Amino acid sequence: MLRSTLELRVYKKYSDLTLLADLTGRLTALSYGTALHGGFRDCRAVAVLDLDQALLWFRRSNIPGRHFAHVEVREFGRLLWEGRLMETTLLWNKDMVALELLSLGYYSSLRDQRVTTLTYTTQTVDAIIKTILTDKCPDINTDQGNIDAAAGSVTLTLAADKYPQDVIVEDLAPLGDTDDKTYYFAVWESRKAWYKARAATNITWEVPLASIASGRLSQAAQHMRNKADAYDGTTRTAAASNADSQVSYPVRDGLAKVPSGTTAARAQDARDRFIADRKDPQQESRFTINGPIWRRQVYGLPLGQRSAVRAGDTMALVGLLPIADVDSPALDNLRIFYILQADYDALSDSVVVVPDRPPSQLDLILARQGVETTR
């Protein structure tokens, strides 16, 4: 049975909150996901409607339909997901008519307009992101307070005809900063852009093993790399290695791709961070949680709402191994991890969690489409 406390409403636009439809009492299916990079990813819903009501959602003759309308999912007054309506599908059989809706988070609007400024000289990564969002992303909130300063400046030349998504995720985020931090980009509540370094300053969720219905918890060496150089299409840095990793594992080299024109120092930073993220066997995990969970930080929701788990939270598996200090957690690729992706299904009241691990090229391609990023 569908979780009854979830609400889904559709508005004309984020800047014009004229209510087009409250589908809360008509839903037969509802699921939504979050991911990094990205933030709010996709939302899928099915609602039972009369045929004349369902047809209002489609473009025909002089009726524009409701594509790009603003969609919100809430529970107990808290926003759990928001985005734009992108696809409407009419479903029917001899007994009923239903409307299937696919919405994508506002991260998808970073593929509306292309970036035409190709060269950036001696600018910080966060300053470039802010400029691109201002110039090419009108659906993103002008409040840029959640875009953190990234230490160090960069000089680079972008390939022509790239979308903001591509520039930020493929070119800028891999450069990190001169403090060797790994950054993620997302668009969260109120369409606000978020660019922050990965950190585990506290644990958001504690999950006992008995609450995990199914899945796998594994570490894989296929993507491990303990030696690498960086290449901008013209110039290649010297290779660097992680000696400790090479004591335990074979030498496995890789390539950190950086934008054309990247200075030698920043290319070396990207190379070193590439190795640091991949020097050990990485998580290849994915599991479904349908039992009790505990929230160590309360944001206005009752403790243990699986519907509130999202990417960017920190999760600890309780009972797998002792956790020495939950107040000063350390990401360990096994028990304590940053959530890379979370997919909630209201019908089963369960959430599928994917722990953090370095992104693959496939992840970047799928992230552009607003679909799941697990390999």
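Basis of the calculations
Residues numbered from 1 in each chain as written. Predicted model: local features only at pLDDT ≥ 70, side-chain atom pairs only at ≥ 80, totals over all residues. Heavy atoms only, no water. Helix = DSSP H or I, 4+ residues; strand = E, 2+ residues; numbered from the N terminus. Rg over C-alpha atoms; globule rule 2.2 N^0.38 Å. Buried < 20%, exposed > 50% of the residue type's maximum accessible area, 1.4 Å probe, protein only. Contact = heavy atoms within 4.5 Å. Areas by Shrake-Rupley, 256 points an atom, 1.4 Å probe, with all protein chains shown as cover. Lys, Arg positive; Asp, Glu negative; His and termini not counted. Charge placed at Lys NZ, Arg CZ, Asp CG, Glu CD. pLDDT = per-residue confidence, 0-100. Pairing = 2+ DSSP bridges. Core = buried A, V, L, I, M, F, W, Y, C linked by side-chain atoms within 4.5 Å. Axes fitted to C-alpha atoms, helices over the stretch in contact; angles between N-to-C directions. Parallel < 35°, antiparallel > 145°, perpendicular 65-115°, else oblique. Nonpolar A, V, L, I, M, F, W, Y, C, P; charged D, E, K, R; others polar. Polar contact = N/O pair within 3.5 Å; in protein donor to acceptor, adjacent residues only side chain to side chain.

1. Observations concerning the overall build of the chain
- The helix and strand tally for the chain stands at six helices and 23 strands.
- A globule of 375 residues ought to have a C-alpha radius of gyration of about 21 Å, and the chain, at 22 Å, matches this closely.
- Counting only C-alpha atoms, the chain reaches 65 × 50 × 35 Å along its principal axes.
- For the chain, buried positions account for 51% of its 375 residues.
- Nonlocal contacts in the chain, meaning residues at least 24 apart in sequence, comprise 69% of its contacts between residues at least 6 apart.
- Working note: accessible area of the chain is about 16600 Å², and carbon and sulfur atoms make up 51% of it.
- Charged side chains of the chain number 44 positive and 46 negative; the gap between the two group centres comes to 2 Å.

2. Considerations on the confidence of the model for the chain
- Of the residues in the chain, 90% reach a pLDDT of 70 or more, and the chain-wide mean stands at 88.
- A low-confidence stretch, residues 361–366 (pLDDT under 50), is modelled with nine contacts involving residues beyond four sequence positions or located in other chains.
- Here residues 371–375 scores under 50 on pLDDT; set against residues more than four positions off or in separate chains, the count is 23 contacts.

3. Side note on the pairing of strand E7 (residues 97–104)
- Across the eight residues that make up E7, a large majority, seven, are buried.
- One ladder, built from seven bridges, connects strand E4 (residues 38–48) with E7; its direction is antiparallel. Bridge assignment links Ala47 to a residue of E7, and that residue is Leu99.
- Here strand E6 (residues 78–92) hands over to E7 after four residues, the two strands then running antiparallel side by side.

4. Overview of the sheet that holds strand E15 (residues 227–231)
- On the basis of which strands lie adjacent, the open sheet formed by three strands has the order E16-E15-E17 and mixed pairing. Whereas interior strands pair on both sides, the edge strands pair on one side only; in this sheet they are strand E16 (240–241) and strand E17 (253–257).
- By the bridge criterion, five bridges tie E15 to E17 in an arrangement that is parallel. Pairing of Asp229 across the sheet is with Leu255, part of E17.

5. A closer look at the environment of Ser109
- Mapped onto the fold, Ser109 is located in the loop between E7 and strand E8 (119–124).
- A sequence separation of 98 residues divides Ser109 from Tyr11, and the C-alpha atoms of the two residues are 17 Å apart.
- Other than its neighbours up to four places away in sequence, Ser109 contacts Arg84, Asp139 and Ile140.

6. Thoughts on unusual backbone geometry
- Leu36 connects to His37 through a cis peptide bond whose omega is 0 degrees.
- Mapping His37 onto the fold places it in the loop between strand E3 (27–35) and E4.
- Even without a glycine there, the phi angle at Asp161 is positive, about 60 degrees.
- Positionally, Asp161 belongs in the loop between strand E9 (153–157) and helix H3 (164–172).
- Positive phi values are uncommon outside glycine, yet Asp349 reaches one of about 50 degrees.
- For Asp349, the location among the structural elements is in the loop between strand E22 (336–345) and strand E23 (350–355).

7. Topic: the nonpolar core
- Of all hydrophobic cores here, the largest spans 50 residues; its most connected members are Leu8, Leu30, Trp57 and Met315.
- By size, the runner-up hydrophobic cluster in this structure holds 38 residues, among which are Tyr106, Leu110, Ala230 and Val258.

8. A closer look at the packing of helix H2 (residues 125–136) against H3
- Remark: H2 packs on H3, axes separated minimally by 10 Å, with the N-to-C direction vectors making an angle of 170 degrees. Relative to H3, the element H2 is oriented roughly antiparallel. Note on element contacts: H3 touches H2 through Pro164, Val167, Ile168 and Leu172, opposite Val125, Ile128, Ile129, Ile132, Leu133 and Lys136.
- For the contact of H2 with H3, the residue count by class is nine nonpolar, no polar and one charged.

9. Side note on the side chain of Glu75
- Along the chain, the position of Glu75 falls in strand E5 (residues 70–75).
- Here Ser307 takes part through its side chain, which lies 2.4 Å from a polar atom of the side chain of Glu75.

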